[in-house]
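# Close look at the chain arrangement
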Amino acid sequence: MSVQNVLNTIKENSIMFVDFRFVDLSGHAHHITLPATEVDADTFVNGVAFDGSSIAGFRGIEESDMVMMPDTESSFIDPFTDHPTLNIMCNIHTPDGERYERDPRSIAQKAEEYLQTTGIGTTAFFAPESEFFIFDDVRFESKMNTSFYSVDSDEAAWNTGRKEEGGNLGYKIGVKGGYVPVAPVDAQQDIRSEMVRVMQETGLRVERHHHEVATAGQAEINFRFDTLTKTADNLLKYKYIINNVARQWGKVATFMPKPLFGDNGSGMHVHSSIFNGDSPLFYEKGAYANLSQLALHYIGGILHHAPALIAITNPSTNSFKRLVPGYEAPVNLVFSKGNRSAAIRIPVAAVTPKGCRIEFRTPDSTANPYLAFAAMLLAGLDGIKRQLDPVALGYGPFDKNIYDLSDEDKKEIRSVPGTLDEALDALEADSGFLTEGGVFSQDFIDNFVALKRSEAKAVSIRVHPHEYSLYFDC
């Protein structure tokens, strides 16, 4: 969309405000709103100024002036504001006009540009499956003398005996019993459908929605794949819509990987493939799972760099509470066709040559999608360039249910790091694939590691409520 088309949209839809947005290192969107009367063609040339020192991980106060440069292709009319508002995603530039090396969206674009320079292909496509919970009540607190969280859901397994106004009507979802039941067991059909309606209204192409495995309102809505940066933009829009529709319905959504102990967590399974023009590069009929040798090398790169990669695709302490065996968590660094116990699954049902892809199941939605998709692409490209053979490296294919294997049989299977600190150690030891083509800078990596280590430390030094159960009477 050209600048003139954006200005026409403002006029034709009686837009009163234009909301300029950017994303921080953790993947949270921020915004500054201008009256539409203050937006003209020069706005898209000069950008919108903001204070970078107030954003964690960006700049110090002595160099705080930064600029949002709008991307006209990302605009959509906000479905929630009382006053007609047009939202536009932006890249971050320094005052001298250079792309800011810590801007996640610019990193995603540089990854796409780097792909084109390699001669391997022209376009990388991504499609995340970002799971979430819809709760009816959320309370938490962390102080020097108290620490707790409490969540509730009308459909939760723990509420079968709850006294409710008008009587408890039953139909609660059991632990691990929530996968695609019909109503009245699935009581969230209408709220998910409303989320889909709003997504479609804003231009997202939604493929389906359903209740997920866990009790207490776990859900999944799938939207159509697109190119790397556009998919990351779409994921931010997706989360924005889910959070705000939930709010309108008097509920709250969360994309935390593991908000409940003892049931499945929420992942962000990421499908990806590479094309050269209109030609898919991952398909070879008759090969294992119809995968080309190039696709196998791509898999080899992701699995080889997975310990470091996971610091970016699973960048929270809560991520590693999901990444434990027994809850459909993909902790095993192997690949397989149609096997959900493997870190990389190759979808094989109803797949066409253009639909041939790999699914990296380990990531979760605490990841910044711009950084996660860029890092995945770079790991895969490194595997292609170095011709890393996942079979020769011992990464599969593994077509058994790994969770049912004995400890002896599991010995040769690598697992994901056990903590965020271990993943950050791996990233520090193996970051060269990220700096190829200048996509990630070493400054960015060092800064990212420092920011995440501070989060890990903040959690590790605090008293955990379960420690009272274990140690109070020692």
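Since this is a predicted model, take the numbers as computed values, not measurements.

So, on to the pattern of salt bridges. Scanning the entire structure with this criterion turns up 25 salt bridges. We note a salt bridge from Arg345 to Glu359, for which the minimum N-O separation is 2.4 Å. You can see Arg345 sitting in strand 17 (residues 342-346) and its partner Glu359 sitting in strand 18 (residues 358-360), a full 14 residues away along the chain. In terms of burial, Arg345 and Glu359 fall into one category: buried. In the salt-bridge network here, residues are joined through shared partners; they are Asp152, Asp154, Arg162, Glu164 and Lys172.

Glancing now at the nonpolar core. Ranked by size, the top nonpolar core spans 119 residues in total, and within it Phe132, Met195, Tyr238, Leu377 and Phe440 carry the most contacts. With seven residues, the next largest nonpolar core counts Ala156, Ala214, Ala216 and Leu260 among its residues.

This part takes up helix 3 (residues 104-118). The end-to-end C-alpha separation of helix 3 is 21 Å, in line with the 21 Å expected for 15 residues at 1.5 Å each. All of the buried residues in helix 3 are Pro104, Arg105, Ser106, Ile107, Ala108, Gln109, Lys110, Ala111, Tyr114 and Leu115. Where helix 3 terminates, the next one or two residues include Gly119, which has phi positive at roughly 80 degrees.

Right, let's talk about helix 1 (residues 3-12) for a bit. Looking at helix 1, one finds that the buried residues are Val6, Leu7, Thr9 and Ile10. Along the axis of helix 1, the buried residues cluster in a sector spanning 155 degrees; they form a single face. Of the exposed residues in helix 1, the ones pointing more than 90 degrees away from its buried face are Lys11 and Glu12. The inward-facing, buried residues of helix 1 abut strand 1 (17-23), helix 2 (43-46) and strand 6 (85-93). Looking one or two residues beyond helix 1, the residue adopting positive phi is Ser14, at roughly 50 degrees.

Parameters at a glance
- Residues numbered from 1 in each chain as written.
- Predicted model: local features only at pLDDT ≥ 70, side-chain atom pairs only at ≥ 80, totals over all residues.
- Heavy atoms only, no water.
- Salt bridge = Lys/Arg side-chain N within 4 Å of Asp/Glu carboxyl O.
- Helix = DSSP H or I, 4+ residues; strand = E, 2+ residues; numbered from the N terminus.
- Buried < 20%, exposed > 50% of the residue type's maximum accessible area, 1.4 Å probe, protein only.
- Core = buried A, V, L, I, M, F, W, Y, C linked by side-chain atoms within 4.5 Å.
- Expected span 1.5 Å × (residues − 1).
- Arc of directions from axis to C-beta.
- Contact = heavy atoms within 4.5 Å.

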